[in-house]
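# Coordinate analysis (summary)
Here are the chains, one letter per residue:
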Amino acid sequence: MAILEKDGQAIYFVGGDNYFSHPVGDDAGRRFALTSLMENGHVKAVELERPPLCIPHRTLMNWVGQSRKAGPSSFFRPAAASRPRIMTPDKSAECARLLSEGKRPAEVARQVGVQESTLRKAIRRQGVPQLAALPQEAGELEAASTKSERSRADAEAAAGMGTACTRADERIQTALGLATGATTRFEASHDVAMGGLLAGLPALCANGLLTGLDRHLKLPRGFYSALHILLVLGFMALGRIKRPEHLRQTSPGELGKVIGLDRVPEVRTLREKVHLLAKTGDPAAWMRDLAKLWMESEPEEAGYLYVDGHVRVYHGEQARLSKRYVSRERLCLRGTTDYWVNDALGRPFFVVSQPLNDGLAETLLKDIVPQLLEIVPGQPTPAELDADPTLHRFVMVFDREGATQSLLGRLWKQRIGALTYRKNVKDLWSEEVFQEQEVHLPAGGSTGMKLAMRETRLGTGDSSLAVSEVRRLTQTGHQTAVITTARQLGNTTIAGRMFARWCQENYVSIR
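The structure presented is a predicted model; accordingly, all values stated were derived computationally and were not measured. (Residues numbered from 1 in each chain as written. Predicted model: local features only at pLDDT ≥ 70, side-chain atom pairs only at ≥ 80, totals over all residues. Heavy atoms only, no water.)

Residues spaced three or four apart along an α-helix face the same direction, because each turn holds 3.6 residues. Taking 1.5 Å as the rise per residue, helix 1 (residues 27–39) with 13 residues should run 18 Å; its terminal C-alpha atoms sit 18 Å apart, in good agreement. Within helix 1, the full set of buried residues consists of A28, G29, A33, L34, T35, S36, L37 and M38. Of the surrounding elements, those touching the buried residues of helix 1 are strand 2 (9–14), strand 3 (17–23), helix 2 (45–49) and helix 3 (57–70). Among the residues of helix 1, the N-terminal cap falls to D26, whose side-chain oxygen and the backbone nitrogen of A28 are separated by 3.3 Å. (Helix = DSSP H or I, 4+ residues; strand = E, 2+ residues; numbered from the N terminus. Expected span 1.5 Å × (residues − 1). Buried < 20%, exposed > 50% of the residue type's maximum accessible area, 1.4 Å probe, protein only. Contact = heavy atoms within 4.5 Å. Polar contact = N/O pair within 3.5 Å; in protein donor to acceptor, adjacent residues only side chain to side chain.)

Okay, structure coming up:
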């Protein structure tokens, strides 16, 4: 697929054929063209996420969902005109006056009494008049500090309260109980090390980093508040700083400028604050709220949940943990097992850590399934489940460790579909029953597979369990068997969802 812009027209070619064209700048035509190309298998979503288009994956999936639900004509329907109900002409004029004085949009929104996002949207659609900026006096201009000047000031502060503790007055006030915490204040600075981490702050906020403040995460009065600790941990993750001890390899003053303070907390202080957050707050409830938020944002992907356990090796000496086999080391080592619940793209919803290895089956039934029954959106009602004996709530995908009749049956009693590989397959199906079919992948695009499907039962007698079995025939003649208790799924859906499980392995391996 290629795109050519010529004479004011954007032309889409598939091979050598002219597939579609629209005027340059026609967003509706662009969305229709790219959605049609994805739906017909001419291009994959992952290819549109790369340069030069760089379209976010969630945006592409929203376009596909809109096309399937409302039809391709929905891209060309004019948006309903709406009158601003919050940004009245008086408020717009007041915001314009305050902005002309050089105040930030966040400060203007607080003074006027509107949300900052509402004000920024009004500015983008030019709903707030742009007045000429008032001249600023020379004395009010703040000179930006250089890296050498900040390093010299941080070193001089070491003779007093500590390295880079340049806000001694605020630290004394919080120590005496005269202030609740440090004020986040950014200063004009040049060449701040790791200053680019601020570009990732919107992504951290969009993923819910700060949603647990004052609800599930609290800290007593002190210089560093819960907000500062969460920002430090979030920036550590973006900066590939895996442990608090690794902060000693960075300049505390420089990283402190990124979070709006004089310096980041030292290792001991950071660990104490994290311990207080876990002890006085409820991180488990925060994780459940985040998982529910992420699932509700993409309910279709929340219907297929990928579960797998990964060993986290423990190298300390304060606990005597049981040993478990670590496949990447080919050794039995002490550690804990983390059971991740992800979507089909490898993005995690939540994780359950088990210091004692009870196995995948027990962890699923005791710790994971009860949470999923509460937070997975779009589950059928009890009346719908009673009316259709083959209807499932959602589907859980896992590897051969959970491919037992006992686990599949206990999950189906709660009407939870299971999708896994079949173990100990000895009989081979005739190659004549396999047909070449197009399988759509969750990440976008499609691929061809030779598939065959049968209805079968696991076990014998009254305790047997009805399942659908799908087999894939490879070029070498090998037959990969997949079974599921969600018998309403088609063979292409079963194959596409099962073979997408490797995305979770790739995500955990690079995290």
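Moving on, we come to the environment of R171. Among the structural elements, R171 can be located in helix 8 (residues 168–175). Residue R171 is classed as buried on the basis of its relative accessible area, which comes to 13%. Discounting chain neighbours no more than four positions away, the residues touching R171 are M161, C165, F223, Y224, D262 and R263. One polar contact links R171 to Y224, side chain to side chain, over a distance of 3.2 Å. Among the polar contacts made by the side chain of R171, one reaches the side chain of D262 at a distance of 3.1 Å.

What follows is about the packing of helix 5 (residues 105–112) against helix 6 (residues 116–124). Axis separation between helix 5 and helix 6 bottoms out at 9 Å; the angle between their running directions is 115 degrees. Between helix 5 and helix 6, the crossing angle belongs to the class labelled roughly perpendicular. When you trace helix 5 past helix 6, the crossing you get is right-handed. Judged by residue contacts, P105, A106, V108 and A109 of helix 5 engage E116, L119 and R120 from helix 6. Looking at side-chain class alone, the contact of helix 5 with helix 6 contains 5 nonpolar, no polar and 2 charged residues. (Axes fitted to C-alpha atoms, helices over the stretch in contact; angles between N-to-C directions. Parallel < 35°, antiparallel > 145°, perpendicular 65-115°, else oblique. Left-handed = near helix turned anticlockwise from the far one by under 90°. Nonpolar A, V, L, I, M, F, W, Y, C, P; charged D, E, K, R; others polar.)

Attention now goes to the packing of helix 4 (residues 89–100) against helix 5. At a minimum axis separation of 10 Å, helix 4 and helix 5 run at an interaxial angle of 140 degrees. Relative to helix 5, the element helix 4 is oriented oblique. Once helix 4 is placed against helix 5, the crossing between them reads as right-handed. Listed contacts from helix 5 to K91, E94, C95, L98 and L99 of helix 4 are P105, V108, Q111 and V112. Residue composition of the contact of helix 4 with helix 5, grouped by class: 6 nonpolar, 1 polar and 2 charged.

This part takes up the sheet that holds strand 1 (residues 2–6). The strand order 1-2-3 describes an open sheet built from 3 strands, whose pairing is antiparallel. Whereas interior strands pair on both sides, the edge strands pair on one side only; in this sheet they are strand 1 and strand 3. Taken pair by pair, the neighbouring strands of this sheet meet at an average axis angle of 25 degrees, ignoring direction. As judged from the 5 bridges shared by strand 1 and strand 2, these two strands associate in the antiparallel manner. (Pairing = 2+ DSSP bridges.)

The next point concerns the pattern of salt bridges. Pairing is possible between side chains of opposite charge, provided their charged atoms come close. For the structure shown, the criterion picks out 23 salt bridges. For E170, the salt bridge is made with R167, and the minimal N-O distance between the two is 3.8 Å. One salt bridge in this structure joins R471 and E469, with 2.9 Å as the shortest N-O distance. (Salt bridge = Lys/Arg side-chain N within 4 Å of Asp/Glu carboxyl O.)

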